[in-house]
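Take a look at the letters that make up each chain.
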Amino acid sequence: MVSEIVLSVLFFALLGVAYVKGYDFVKHHSPDHLVHFYLIMATIRMLLVLTVIGLYVFFTANRDHAIRFVIIFLIMYVITMVITLKLRH
């Protein structure tokens, strides 16, 4: 379970870095498109999260591990969304 948490934190850290770098790039080059950038990144993040959860549940034989992973992953997703909104808006 520890490896799943570490990989989840790494996943969300990479998504966070991509968001911050992309936000700074769009803000510098075309600030009028920041709303579009945010919506696109939110959609990409949600699709990636759902894909990772789906793959983990599909390939995990243990139901209890899958449920714990989904709960932890969704909590991390919500925390990431809150932090993103607080830092950049």
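Residues numbered from 1 in each chain as written. Predicted model: local features only at pLDDT ≥ 70, side-chain atom pairs only at ≥ 80, totals over all residues. Heavy atoms only, no water.

## Comments concerning the confidence of the model for the chain
Low-pLDDT portions of the prediction should not be read for the details of their coordinates. Filter applied, for reference: Confidence of the predictor in every single residue is expressed as pLDDT, which spans 0 to 100. In this description a helix means any DSSP run of H or I spanning at least four residues, a strand means any run of E spanning at least two, and both kinds are numbered starting from the N terminus.
Overall, the prediction assigns the chain a mean pLDDT of 88, with 98% of residues at 70 or greater. Mean pLDDT per element in the chain: helix α3 (residues 63-88) is the minimum at 87, and helix α2 (residues 34-59) is the maximum at 92.

## Re a nonpolar patch on the surface
Put simply, the rule is: Each patch is built from residues that are more than 30% exposed by relative accessible area and take part in no salt bridge. Like charges join if they lie within 9 Å; nonpolar side chains (Val, Leu, Ile, Met, Phe, Trp, Tyr) join within 5 Å. Working definition of accessibility: Shrake-Rupley area with a 1.4 Å probe, residue cover restricted to the visible protein chains. Only one rule defines a salt bridge in this text: a Lys or Arg side-chain nitrogen within 4 Å of an Asp or Glu carboxyl oxygen. Only protein chains enter the accessibility calculation, which uses a 1.4 Å probe; a residue whose area is less than 20% of its type maximum is buried, one above 50% is exposed, and one in between is partly exposed.
Residues Ile67, Ile71, Ile75, Ile79, Ile83 and Leu87 make up a contiguous nonpolar surface patch of about 560 Å² in total accessible area. Judged by relative accessible area, Ile83 falls into the partly exposed class, the value being 44%.

## Section: the side chain of Ser8
The criterion, for reference: Contacts: residue pairs with any heavy atoms within 4.5 Å of one another.
Within the secondary structure layout, Ser8 lies in helix α1 (residues 2-29). Assessed through its relative accessible area of 3%, Ser8 is described here as buried. The contact partners of Ser8, leaving out residues within four places of it in the chain, are Phe69, Phe73 and Met76.

## A closer look at the packing of aromatic side chains
What counts is decided by this rule: We call Phe, Tyr and Trp rings a pair once their centres come within 6.5 Å, taking the six-membered ring for Trp, and we label the pair stacked below 30 degrees between planes, edge-to-face above 60, and tilted otherwise.
Within this structure, the stated rule accounts for nine aromatic pairs. Ring centres of Phe12 and Phe73 lie 4.9 Å apart, and the angle between their planes is 45°; on these two criteria the pair is classed as tilted. One end of the pair, Phe12, is in helix α1; the other, Phe73, is in helix α3, and 61 residues separate them in sequence. Of the two residues, Phe12 and Phe73, neither departs from the other in class, the shared state being buried. When the ring of Tyr19 is compared with that of Tyr38, the centres are 6.3 Å apart and the planes differ by 80°; the resulting orientation is edge-to-face. Linking Tyr19 in helix α1 with Tyr38 in helix α2, this pair joins segments that are 19 residues apart in sequence. Summarising the burial analysis for this pair, Tyr19 and Tyr38 share the class buried. Members of the aromatic cluster, connected to one another through ring pairs, are Phe11, Phe12, Tyr56, Phe69 and Phe73.

## Describing α2
The test is simple: Take the residue count of a helix, subtract one, and multiply by 1.5 Å to get its expected span.
With 26 residues, α2 extends 37 Å between its outermost C-alpha atoms, agreeing within 8% with the 38 Å of an ideal straight helix rising 1.5 Å per residue. Along α2, the residues classified as buried are Leu34, Phe37, Tyr38, Met41, Ala42, Arg45, Val49, Ile53 and Tyr56.

## Structural notes on the packing of α1 against α2
Selection rule: Axes, fitted as lines to C-alpha atoms, cover a helix only where it is in contact. Angles between the N-to-C directions of the axes lie from 0 to 180 degrees. An angle below 35 degrees is read as roughly parallel, one above 145 as roughly antiparallel, one from 65 to 115 as roughly perpendicular, and any other as oblique. Left-handed describes a crossing whose near helix is turned anticlockwise from the far helix through less than a right angle; right-handed describes the clockwise counterpart. Gly falls in the polar group here, along with every residue not listed as nonpolar (Ala, Val, Leu, Ile, Met, Phe, Trp, Tyr, Cys, Pro) or charged (Asp, Glu, Lys, Arg).
Contact geometry of α1 with α2 gives a least axis separation of 10 Å together with a crossing angle of 165°. Between α1 and α2, the angle is such that the two are roughly antiparallel. For the crossing formed where α1 meets α2, the hand is right-handed. The residues of α2 that touch α1, namely those facing Glu4, Phe11, Phe12, Leu15, Ala18, Tyr19, Gly22, Tyr23, Val26 and Lys27, are Leu34, Phe37, Tyr38, Met41, Arg45, Leu48, Val49, Val52 and Tyr56. Split into classes, the residues belonging to the contact of α1 with α2 amount to 15 nonpolar, one polar and three charged.

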